[in-house]
There are 2 protein chains.
Amino acid sequence: MTPVTAAERSDAARNRERLLLAARELIEQGGAAALTMDRLAEQAGVGKGTVFRRFGSRAGLMLTLLNDSEAAFQARFLFGPPPLGPGAPPLDRLIAFGAERIAYVLEFGDLVLAAGDASRGRFEVPAAALWNRHVEMLLREGGVDSPEPWLMAGSLNATLDPERLLHLIREHGVTRERLAASWRELVTRLVISAEATR
Amino acid sequence: MTPVTAAERSDAARNRERLLLAARELIEQGGAAALTMDRLAEQAGVGKGTVFRRFGSRAGLMLTLLNDSEAAFQARFLFGPPPLGPGAPPLDRLIAFGAERIAYVLEFGDLVLAAGDASRGRFEVPAAALWNRHVEMLLREGGVDSPEPWLMAGSLNATLDPERLLHLIREHGVTRERLAASWRELVTRLVISAEATR
DNA sequence: GGAGTAAACGGACCGTAGTCCGCTTATATT
DNA sequence: AATATAAGCGGACTACGGTCCGTTTACTCC
């Protein structure tokens, strides 16, 4: 039986495994900065062209490396237990969403940063569209009836920009808790404003 | 009389003029993308090392090129006529501030983008600290008593991130007016929330 | 098994930002 | 005017991300 999508050639599959393994090794040793495309190719015993054929760009590679944890994060806010997942009041879910994003950025810092370096900008990340829709939905449920909910949600998400968060943490010593509290204040005020004008 | 700060050597001054002139020429011809450090050095008839000695980095050069217009912008919101400058209600000034920033980013698009590429991140831009303080002040005057006004102001400014704005405009066809309206809605809701909890 | 073919491969190559260091020159001092 | 010196200069050099294209190889069909 011929597969609908052409099957991956065996050498391609083998090289993908090698590359992913080598990438994780390099990062474990020297952080994301130590992962250059040349070194990766060498470490994996593969030509440089192969690396780019596989992942498109350095940012694409980082995205692939983050894929699992990103999927897990998405599953948690889409289907997981409250307050992050469904079942809790929208404001609580919004607050939890921000706190979890901050924790996520903190955990994978450099990787997330490097993943955002795609030439077409860090707003092309497919996941970003999902976060936007999620925040948009929670805002609407929270009574924040915006004429342009998509833009409003985008504004809120811009607030969680990894570069900004990491800059505040690393250069200004701001703690994760303070960032989460600031996010909480922001979204709470929005919901309050919706209640006030009802 | 010896100047307090060592005077600039005459050849250095001459080269600075040459470089700035050449930079504006290159940008006029082919946009910011056409300004590479090698080309700039060649066009100005100086060595590459001189370019970097003068401006530190490509981002530093862009910052220098933007210096005048940035100073003008600052003067307008600090001392200019209302509603941007002092004299108008804080909410009106906030709204105007966002609208003007958006217009600014739109006008100098690529330059602003390139200026944010500094290795140490686009939050080191000295001007950013000023915008933050300004927004912080307007929030306080508007009754938004935040436990961490600095972070709250930073969040709002993150919303005006040039990369985000330009992405929305260029890739999604969002107009300046819609962006300004979204900003207006955001800050208005914050002020409303302050009034509601008074 | 052999031939045909499209996918995958590899590494030389390019353009870029940024560094380094031996040389040059403007300026201050006498 | 001669000298000293530190600021300035230039361009070869490096590291990096990304592209290109001639060559190799896994799979398919007979």
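Residues numbered from 1 in each chain as written. Chains lettered and ligands numbered in written order. Predicted model: local features only at pLDDT ≥ 70, side-chain atom pairs only at ≥ 80, totals over all residues. Heavy atoms only, no water.

K.L.:
It is not clear to me how the interface of chain B and chain A should be interpreted in this structure. Could you clarify?
P.N.:
Often the size quoted for an interface is simply the accessible area lost on bringing the parts together. Each side of the interface is counted separately: chain B has 36 residues, and chain A has 35 residues. The junction of chain B with chain A conceals about 3,200 Å² of combined surface from both sides, 57% of it contributed by carbon and sulfur atoms. Where chain B touches chain A, the interface holds 2 salt bridges. With a shortest N-O distance of 2.6 Å, Glu148 of chain B and Arg178 of chain A are connected by a salt bridge. Of all elements in the fold, only helix 7 (149-158), helix 8 (162-172) and helix 9 (176-196) of chain B reach the threshold of two or more residues within the side of chain B that touches chain A. The element that contributes the greatest number of residues to the side of chain B that touches chain A is helix 9 of chain B, accounting for 11 residues. (Contact = heavy atoms within 4.5 Å. Buried area = accessible area lost by both parts, 1.4 Å probe. Salt bridge = Lys/Arg side-chain N within 4 Å of Asp/Glu carboxyl O. Helix = DSSP H or I, 4+ residues; strand = E, 2+ residues; numbered from the N terminus.)

K.L.:
Which parts of the structure should I look at to understand the nonpolar core?
P.N.:
If you look at the biggest cluster of nonpolar residues, it comprises 118 residues, and the most contacted ones within it are Leu35 of chain A together with Leu35 of chain B. With sequence-adjacent residues up to four places away left out, Leu35 of chain A is seen in contact with Ala23, Leu26, Ile27, Leu40, Arg58, Leu61, Met62 and Leu65 of chain A. (Core = buried A, V, L, I, M, F, W, Y, C linked by side-chain atoms within 4.5 Å. Buried < 20%, exposed > 50% of the residue type's maximum accessible area, 1.4 Å probe, protein only.)

K.L.:
Just to check I follow, could you spell out the protein's contact with DNA strand D for this structure?
P.N.:
In the vicinity of DNA strand D there are 20 residues, among which Lys48 of chain A together with Arg9, Asn15, Gly47 and Arg54 of chain B approach most closely. Each atom of DNA strand D within 4 Å of the protein belongs either to a base or to sugar and phosphate, the latter forming 60%. Within the backbone of Asp11 of chain B, a nitrogen or oxygen atom sits 3.2 Å from a phosphate oxygen of DNA strand D. The backbone of Gly47 of chain B places a nitrogen or oxygen atom 2.9 Å from a phosphate oxygen of DNA strand D. Those elements that place two or more of their residues in the surface near DNA strand D are helix 1 (10-30) and helix 3 (48-55) of chain A together with helix 1 (10-30) and helix 3 (48-55) of chain B. Tallying contributions element by element places helix 3 of chain B first for the surface near DNA strand D, with 5 residues. (Near = heavy atom within 4 Å. Polar contact = N/O pair within 3.5 Å; in protein donor to acceptor, adjacent residues only side chain to side chain.)

K.L.:
Explain unusual backbone geometry to me, please; I cannot follow it from the model alone.
P.N.:
Leave glycine aside and you will find that most residues have negative phi; peptide bonds, for their part, are mostly trans. Omega for the bond connecting Pro82 of chain A with Pro83 of chain A falls within 30 degrees of zero, at 5°, which places this linkage in the cis form. Following the sequence through the fold, Pro83 of chain A ends up in the loop between helix 4 (58-79) and helix 5 (90-115).

K.L.:
Before we go on, may I ask you to explain the environment of Leu179 of chain B in this structure?
P.N.:
Looking at the element boundaries, Leu179 of chain B is found in helix 9. Leu179 of chain B gets classed as buried once you look at its relative accessible area, which sits at 4%. Along the sequence, Leu179 of chain B and Ala99 of chain B sit 80 residues apart, while their C-alpha atoms lie 8.1 Å from each other. Sequence-distant contacts of Leu179 of chain B, that is, excluding residues within four places in its chain, are made with Leu151 of chain A together with Ile102, Leu165, Leu168, Ile169 and Val174 of chain B.

K.L.:
Looking at this structure, I do not really get the relation of the copies chain B and chain A. What am I missing?
P.N.:
Both copies of the chain are related by one operation, a rotation about an axis with a shift along it. Relative to chain A, chain B is turned by 180° and slid 0.0 Å along the rotation axis, the superposed coordinates differing by an RMSD of 0.1 Å. Viewed as a symmetry operation, the transformation between the two copies matches a two-fold axis. Measuring from the rotation axis to each C-alpha of chain B, the shortest distance belongs to Ser193 of chain B, at 2.3 Å. A symmetric contact is evident, with 97% of the interface residues of chain B recurring at the interface of chain A. (Least-squares fit on C-alpha atoms with pLDDT ≥ 70 in both.)

Limitation: the analysis is restricted to geometry and does not speak to function.
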